[in-house]
Protein chains: 2
Amino acid sequence: MSDVASLRVDGDRFWDTVMRSAAIGPGVAGGLSRLALTDADRDVRRLFGALVDEAGLTLTVDKLGNMFARYEGREDLPPVVAGSHLDTQVAGGRFDGIVGVMGALEAVRTLADAGVRPRRPIVVVNWSNEEGARFPPPMSASAVFAGLQGLEWGLSRVDRDARTFGEELARIGYAGDDKVGFPIDACFELHIEQGPRLDAEGVPVGIVTGGAPTRGLKLEVRGEHAHAGPTPMLKRRNALVAAARVIVALDDIGWRHAPAGKTTSARLDVSPNLSGIISNEAALWCDMRHPEAATVEGMLAEFERAVEAVADASRCDVEVVERWCFGGDIFDDGCVALLREAADRLGHAHLDLLSEAGHDAYNIATVAPTAMVFCPCRDGITHNEAEHCDKATTIPAVDVLLHAVLARADR
Amino acid sequence: MSDVASLRVDGDRFWDTVMRSAAIGPGVAGGLSRLALTDADRDVRRLFGALVDEAGLTLTVDKLGNMFARYEGREDLPPVVAGSHLDTQVAGGRFDGIVGVMGALEAVRTLADAGVRPRRPIVVVNWSNEEGARFPPPMSASAVFAGLQGLEWGLSRVDRDARTFGEELARIGYAGDDKVGFPIDACFELHIEQGPRLDAEGVPVGIVTGGAPTRGLKLEVRGEHAHAGPTPMLKRRNALVAAARVIVALDDIGWRHAPAGKTTSARLDVSPNLSGIISNEAALWCDMRHPEAATVEGMLAEFERAVEAVADASRCDVEVVERWCFGGDIFDDGCVALLREAADRLGHAHLDLLSEAGHDAYNIATVAPTAMVFCPCRDGITHNEAEHCDKATTIPAVDVLLHAVLARADR
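Computed from a predicted model, the values in this text were never measured in an experiment.

Thresholds, definitions, all that
- Residues numbered from 1 in each chain as written.
- Chains lettered and ligands numbered in written order.
- Predicted model: local features only at pLDDT ≥ 70, side-chain atom pairs only at ≥ 80, totals over all residues.
- Buried ≥ 20, exposed ≤ 12 C-beta atoms within 10 Å, placed from the backbone.
- Helix = DSSP H or I, 4+ residues; strand = E, 2+ residues; numbered from the N terminus.
- Pairing = 2+ DSSP bridges.
- Core = buried A, V, L, I, M, F, W, Y, C linked by C-beta atoms within 7 Å.
- Contact = placed C-beta atoms within 7 Å.
- Least-squares fit on C-alpha atoms with pLDDT ≥ 70 in both.
- Nonpolar A, V, L, I, M, F, W, Y, C, P; charged D, E, K, R; others polar.
- pLDDT = per-residue confidence, 0-100.

Colleague: Please clarify how the pairing of strand β10 (residues 281-289) of chain A should be interpreted in this entry.
Modeller: Consecutive residues of a regular strand have side chains that alternate between opposite faces of the sheet. Residues and elements named next belong to chain A. With 7 of 9 residues buried, β10 lies mostly within the body of the structure. Relative to β10, strand β6 (residues 205-222) is paired through 9 bridges, and the arrangement is antiparallel. Each residue of the ladder has a partner; that of Lys-218, found in β10, is Trp-285. Note: strand β8 (residues 262-271) against β10, 9 bridges, orientation antiparallel. The partner of Asp-269 across the bridge, within β10, is Ala-283.

Colleague: Where do I start with the nonpolar core in this structure?
Modeller: Nonpolar side chains in soluble globular proteins tend to be buried together. In terms of nonpolar packing, the biggest core is built from 261 residues, with Ala-243 and Leu-401 of chain A together with Ala-243 and Leu-401 of chain B touching the most fellow members. Residues contacting Ala-243 of chain B, with those up to four places away along its chain left out, are Val-221, Leu-268, Val-270, Ala-282 and Leu-284 of chain B.

Colleague: Before we go on, may I ask you to explain the relation of the copies chain A and chain B in this structure?
Modeller: Comparison of the two chain copies shows a relationship of rotation about an axis with a shift along it. Take chain A, turn it by 180 degrees, move it 0.1 Å along the axis, and it overlays chain B with an RMSD of 0.1 Å. Taken together, the rotation and translation describe the operation of a two-fold axis. Closest approach to the rotation axis among the C-alpha atoms of chain A is made by Ala-244 of chain A, whose C-alpha sits 2.2 Å away. Of the interface residues in chain A, 100% have counterparts in chain B that sit at the interface too, so the contact is made through matching surfaces.

Colleague: In this structure, what is going on with the interface of chain A and chain B? I would like to understand it.
Modeller: Much of the literature gives interface size as the accessible area that the parts lose upon coming together. Counting residues at the interface gives 57 residues for chain A and 58 residues for chain B. Sorting the residues of the side of chain A that touches chain B by element identifies β7 (226-227), α8 (239-256), β8, β9 (277-278) and β10 of chain A as the ones contributing at least two each. For the side of chain A that touches chain B, the residue count by class is 30 nonpolar, 19 polar and 8 charged.

Colleague: Just checking my understanding: could you explain the confidence of the model for chain A for this structure?
Modeller: In low-pLDDT regions, the fine details of the predicted coordinates are not to be read closely. Considering every residue of chain A, the mean pLDDT works out to 96; 100% of them sit at 70 or more. Under the prediction, the complex receives an ipTM of 0.78, its pTM being 0.78.

Colleague: What should I look at first to understand the environment of Glu-152 of chain B in this one?
Modeller: Turning to its location among the elements, Glu-152 of chain B is positioned in helix α5 (residues 151-155). Here the alpha-carbon distance between Glu-152 of chain B and Leu-64 of chain B, two residues 88 residues apart in the chain, equals 9.9 Å.

See below:
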């Protein structure tokens with residue numbers, strides 16, 4: 001057995017797996033378009049399975065297609081889990097999530113090659129449907145794993161062609177037999193930052209101390225059908241116009257709280273959405289974020305006042321039909337400390353950060369001690385085919401993951 | 001042969017045909033949902049065919065499914081055409097278009113019953129796909145009839161499930177053999193007002209002197225994909241937000257020019273339109289209307305300045321990719337005069353109006369003398385299942401149609 005402190009991942013081997021993934025489900029502009037449970041998702045799952053075999057690990061798949069590659073420990077204890085996801089947005093990048101799965105796999109291969117057998121098993125995970133781009137909402141499979149939702153809910157998520165998650169999972173051959181969810185000791189997730197700070201400051205390792213407080217809402221707008229020609233302005237109840245006024249109000253709130261705050265209208269569904277007719281229904285998904293929880297609550301209050309004013313002015317009913325929040329101090333101090341100590345020992349500069357995106361780790365943090373580590377991505381560009389990571393500035397975070405996971409698995 | 005001046009339509013028989021149509025393709029709230037080339041459209045075409053047979057007229061169908069019921073004249077001259085359309089919006093009314101087809105049929109039956117044979121043939125028409133709700137744009141089949149578009153264009157209109165007009169027309173059995181378009185002497189269209197004036201003023205007959213000048217545009221917005229979480233406001237190029245700002249600017253212009261002016265954003269397509277990701281593309285269909293052509297041009301100029309300002313502020317590219325205009329003095333003075341004289345002779349109060357909606361008559365007016373007559377609809381509500389017409393206030397316009405058509409056919 002080699003000197004454990006001197007262990008380093010094989011950066012070339014790791015990078016090669018990221019690049020092999022990058023050939024599966026190419027987009028149109030150099031990135032990836034690998035929506036959950038498509039043929040491309042099936043193909044990258046097969047690649048992951050082959051790499052797991054090559055590493056001598058045992059692969060299991062649960063009823064939601066979550067893939068677990070197990071490296072046995074000295075004792076049969078709940079494992080330390082590390083990983084992320086291999087699915088992408090419709091026009092996504094080659095690194096988001098993928099470096100987390102391949103990095104965790106590389107960490108375990110490094111241990112296996114060195115003959116290091118920690119006390120606890122280590123399980124490398126590929127979570128299904130993290131992006132939720134095809135089967136909303138995001139992170140649905142880890143939500144079921146964490147018991148936040150039931151299995152039937154997970155299987156019944158539906159895409160725009162009314163195909164269910166369960167049907168499509170069976171179609172690609174990844175509907176496993178295993179129960180979703182098992183006891184775990186701790187969870188670590190490596191992910192690209194999806195923000196500009198590490199890249200701008202030239203720091204390779206982000207220690208994620210929590211999630212940026214985020215409030216999300218789904219609104220439903222009810223107006224009235226009418227002919228676009230003769231109906232006078234005063235008689236109109238145009239759901240599309242009301243939704244547009246809400247979107248503008250929300251955007252204005254984001255600007256008032258910039259640069260730390262931000263607001264997003266991401267999705268708007270309008271019905272019947274036809275030329276010549278005033279739409280009677282709209283549904284809008286939106287959110288607001290700020291590092292300070294109290295500020296987010298203030299933004300939410302501003303937004304709710306704005307929505308009321310829009311409803312009055314547009315003569316439409318605007319109702320909040322769903323609310324969600326995430327972020328805050330969700331990560332485990334002990335796990336965060338293991339990551340920070342690993343970076344210090346390895347001599348890598350690091351920054352404390354809040355995650356501004358949702359991650360499967362948020363769900364797992366509700367049932368087990370969890371933490372995240374970030375690597376830089378160029379200009380913070382992500383969910384975009386132009387997303388880019390450099391090999392040299394990605395490997396340090398993989399080494400940090402290796403040593404934090406090992407330290408936890410040896411406890 | 002009876003005294004021609006004393007001829008009146010059989011109001012009960014007419015109303016019965018409107019009510020028989022109202023049973024085909026019911027909506028959910030008392031109206032109709034009878035999109036072009038659906039099974040319901042097929043069924044109402046069969047009803048129309050049966051009524052044409054009963055009246056002893058000859059039915060022909062052209063390659064776009066336009067249906068023509070011919071009542072022979074004394075001479076083989078280009079016919080006078082009268083009619084409208086039997087298709088509806090997805091949540092439409094029982095009268096829009098339908099009273100125009102059934103009214104024209106009733107007028108001809110009245111002539112036939114009385115043994116009146118005018119000099120020219122009279123052809124009752126049911127135009128395909130007036131609404132364009134399923135196969136945009138509206139009035140596509142009359143556009144081909146008038147030579148404004150080619151047959152292939154008409155057949156290749158496509159619905160949201162990528163089915164073509166041609167395929168669906170064949171499926172319902174109404175792809176006729178006849179060439180689209182033939183010489184006509186004149187055209188009259190009876191339609192519900194689709195506005196509140198006749199109803200509010202208690203006047204049963206609207207003499208349509210032209211179309212309200214209308215300018216329409218299709219805009220395409222190009223932004224950039226980005227993750228909704230980390231991307232700061234300053235780096236965002238959210239196509240949905242830019243489109244929303246355009247919609248609000250257009251709505252504000254409508255309010256500045258109300259009550260005579262109005263503006264509409266009717267349809268917005270956003271891509272990828274998913275939670276968690278900033279959309280990079282949007283397409284928006286919008287229009288502006290005012291009785292004064294110069295004012296519409298001024299509204300358009302205001303709008304174009306607003307679009308530029310939005311593009312700058314939102315860091316998105318906003319491009320006008322299509323423009324259309326309709327309305328103006330499109331109707332024939334002689335035909336308009338025949339309608340007015342008929343109303344006077346019959347002793348029906350009448351108003352001069354501009355049509356604020358598009359109609360097949362607009363297309364036909366480009367190739368033949370054309371005019372329209374309106375009947376009232378309650379509160380001007382239309383393109384809505386609550387659309388309502390009273391039998392007693394509808395019949396006068398049918399009598400006016402009868403006498404104007406007969407006068408023209410005897411010239």
